[in-house]
Structures are given as C-alpha cells and as structure tokens.
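# Observations on the model geometry
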Amino acid sequence: MRRRNVSLVFIAALTGAAGAAVLQSTFAQGGGAANGVDAARYSPGGELIFPADADRWVALGAGIGSDYSEEPFDPQNPGAIGVVQMEPAAYEHFLATGRYADGTMLLLTFYAVQQKPEPALQGFVQGDVLQREIHVIDRQRFPEEQRAFFLFPGSDVQQAAALPQGSRCVECHTAHGDLDATFIQFYPALRQVHADGGAE
C-alpha cells in the first residue's frame, strides 16, 4: 500500500555495521553465499518462518505516522511507529557491494503509540506490536517480481504466506522505492552508500 506523505518525526540511529564475528556466525549457521544470503527459512508449504533472531537485526530507520492511512496526519493522534531492520548478513553484503543480495530480508514492525509514559516528559514511545512485515528480495525464488511480502499480524504469528503477485505492496515499492523497490531514501547509512555511488 502507498504510505501517505508525512514527515518522519525521527530516524533511528543506525546501529553501525555488524561486527565480523556476527557475520562469521551468520555464515557458519548456513547464511551467506557468494551471490546471496541464506537466512530466510520456509515451511514445506512455502510459508516464511518468522526469524527467531530478528531482535538482533540491524536498525535502518524509524518513523511515526507512516502507517497505511489516507487520513491527514494528526500530531495528537499520529498513528503507529514503524521500525525497519535488516538481516545482518544482508546488511554487510549491501555495505560491501552496494547491492541487495538474493535472500535479503527487510523487517518493518509497526508499534502502537504510547504518549508521555512515566518517566518520559513529552513525545511518543513504542507500545505493543501491531503488525510485522518482511520484504524478501530474492530473484531466484521469486523470478516474476524478484521479491515477496509476508505479513505477520500482531506479535504471535510465526508463519506467513507471500502476498499474491501484483499486490499493492509490490506496486508501491516499485513505484516509489529509490533503489530496487526499497525505500532506501529513509535509511541513512544505506542511503549514503547509494549517494557515494556504491549502489546502482
């Protein structure tokens, strides 16, 4: 779906490149290949299994009020907080090559907004998880659209089927993503790699 054109209230600080030890560990567990990463796991029926280590993924950026709504942005009721993360081996591959490897996973988690909880003074913080979405870029597994989107409602759903081809997610990302149908324009470190000429 198309995100409404709202200002991002904050951009999460990039956690920095994952250390070599993390990358080595990922490869040792079966992730990593010359032309891709192998972190995604699927059920026999082709459903994506939600990664158990997603809490350790690299933070790319965050925004408030960037959920899927056609209503005008209301600062008093800004909607959900969205946080984007990237699987570590895929992140390292992008930094090294300026390209997304096959098997790259980008996780978008929407959180309910909590306003001024103690001891905070003002502003908003993340509440409960509303929905998780994983964007898998894989030209081998999904040759028609070169990617697939998987939606995990709430925080308990652990497997999800890909959205059908021609979904609004693919349409929106293809139309508005600045690089390979991703919103790299919202991810500071990846955006800088792109600006430096590392990404095509």
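One structure accompanies this document, and this report is about it. Along each chain, residue indices are assigned from 1 in the same order as the chain's sequence is written. Since the coordinates come from a predicted model, pLDDT governs what is reported: local features require at least 70, and pairs of side-chain atoms require 80 or more to be given and counted, while whole-chain, interface and lining totals use all residues. In computing side-chain properties, one takes all heavy atoms of the structure into account and sets aside hydrogens as well as water.

### What to know about the overall build of the chain
Secondary structure is summarised from DSSP: a helix means a run of H or I of at least four residues, a strand means a run of E of at least two, and numbering begins at the N terminus for each. Looking only at helices and strands, the chain has four helices and seven strands in total. From first element to last, N terminus to C terminus, the chain shows the α and β order α-β-β-β-α-β-β-β-β-α-α. With 200 residues in all, the chain has 44% of them scored as buried. In this analysis, two residues are considered to be in contact whenever any of their non-hydrogen atoms come within 4.5 Å of each other. In the chain, the share of contacts with a sequence separation of at least 24, taken over all contacts with a separation of at least 6, comes to 60%. Accessible areas in this description were obtained via Shrake-Rupley with a 1.4 Å probe; residue shielding takes into account the shown protein chains only. Surface exposure of the chain reaches about 10500 Å², of which carbon and sulfur atoms provide 50%. Think of it in three bands: with a 1.4 Å probe and only protein chains considered, a residue is buried below 20% of the maximum accessible area for its type, exposed above 50%, and partly exposed in between.

### Topic: the sheet that holds strand E3 (residues 81–86)
One open sheet holds the five strands; their spatial order is E2-E3-E4-E5-E6, and the pairing between them is antiparallel. The open sheet is flanked by strand E2 (58–64) and strand E6 (147–153), the only strands paired with a single partner. Strand-to-strand twist across the sheet, computed as the mean angle between neighbouring axes with direction ignored, equals 25 degrees. For strand E5 (residues 124–137) and E6, the ladder comprises seven bridges, and the chain directions are antiparallel. Residue pairing across strands places arginine 132 opposite phenylalanine 152, the latter belonging to E6. By definition, two strands form a pair when at least two bridges between them are found by DSSP. Lines fitted to the C-alpha atoms define the axes, with helices restricted to the stretch that makes contact. Angles between their N-to-C directions range from 0 to 180 degrees.

### Here we look at the side chain of glutamine 185
Summarising the element assignment, glutamine 185 is placed in the loop between helix H3 (168–176) and helix H4 (188–195). Nitrogen and oxygen atoms within 3.5 Å of one another constitute a polar contact, given that in protein one can donate a hydrogen and the other can accept it, and given that sequence-neighbouring residues count only through two side-chain atoms. A polar side-chain atom of glutamine 185 sits 3.1 Å from the main-chain amide nitrogen of aspartate 178. What glutamine 185 contacts, discounting residues up to four positions off in sequence, is His176, Gly177, Asp178 and Arg191.

### Examining the pattern of salt bridges
One speaks of a salt bridge when a side-chain nitrogen belonging to Lys or Arg is within 4 Å of a carboxyl oxygen belonging to Asp or Glu. In total, this model carries four salt bridges according to the counting rule given. Where aspartate 38 meets arginine 41, a salt bridge forms, and the shortest distance between an N and an O atom there is 3.6 Å. Using a relative accessible area of 40% as the deciding quantity, one classes aspartate 38 as partly exposed. Linking aspartate 102 and arginine 139 is a salt bridge whose minimum nitrogen-to-oxygen distance equals 2.7 Å. Taken together, the residues span a long stretch of sequence, with aspartate 102 in the loop between helix H2 (88–97) and strand E4 (104–115) and arginine 139 in the loop between E5 and E6 at a distance of 37 residues. Sharing partners across several salt bridges, the network here consists of Asp102, Arg139, Arg147 and Asp180.

### Thoughts on the packing of aromatic side chains
Think of it this way: a Phe, Tyr or Trp ring, Trp meaning its six-membered ring, pairs with another when their centres are within 6.5 Å, and the plane angle makes it stacked under 30 degrees, edge-to-face over 60, tilted otherwise. In the structure shown here, the tally under the stated rule is five aromatic pairs. Between the aromatic rings of phenylalanine 50 and phenylalanine 152, the centroid separation amounts to 5.2 Å while the plane-to-plane angle is 75 degrees, which identifies the pairing as edge-to-face. Highlighted residues: phenylalanine 50 in the loop between strand E1 (48–49) and E2 and phenylalanine 152 in strand E6, separated in sequence by 102 residues. Across this residue pair, the class does not change: phenylalanine 50 and phenylalanine 152 are buried. Plain terms: the ring middles of phenylalanine 94 and tyrosine 100 are 4.8 Å apart, the flat faces sit at 40 degrees to each other, and that makes the pair tilted. Connected via pairs of aromatic rings, a cluster forms that spans Tyr42, Phe142 and Phe150. Over a ring means this: the NZ of a Lys or the CZ of an Arg is within 6 Å of the ring centre and within 35 degrees of the ring normal. The cationic tip of arginine 141 hangs over the ring face of tyrosine 42; the distance from NZ or CZ to the ring centre is 3.5 Å.

Purely spatial values, then, with no claim about function.
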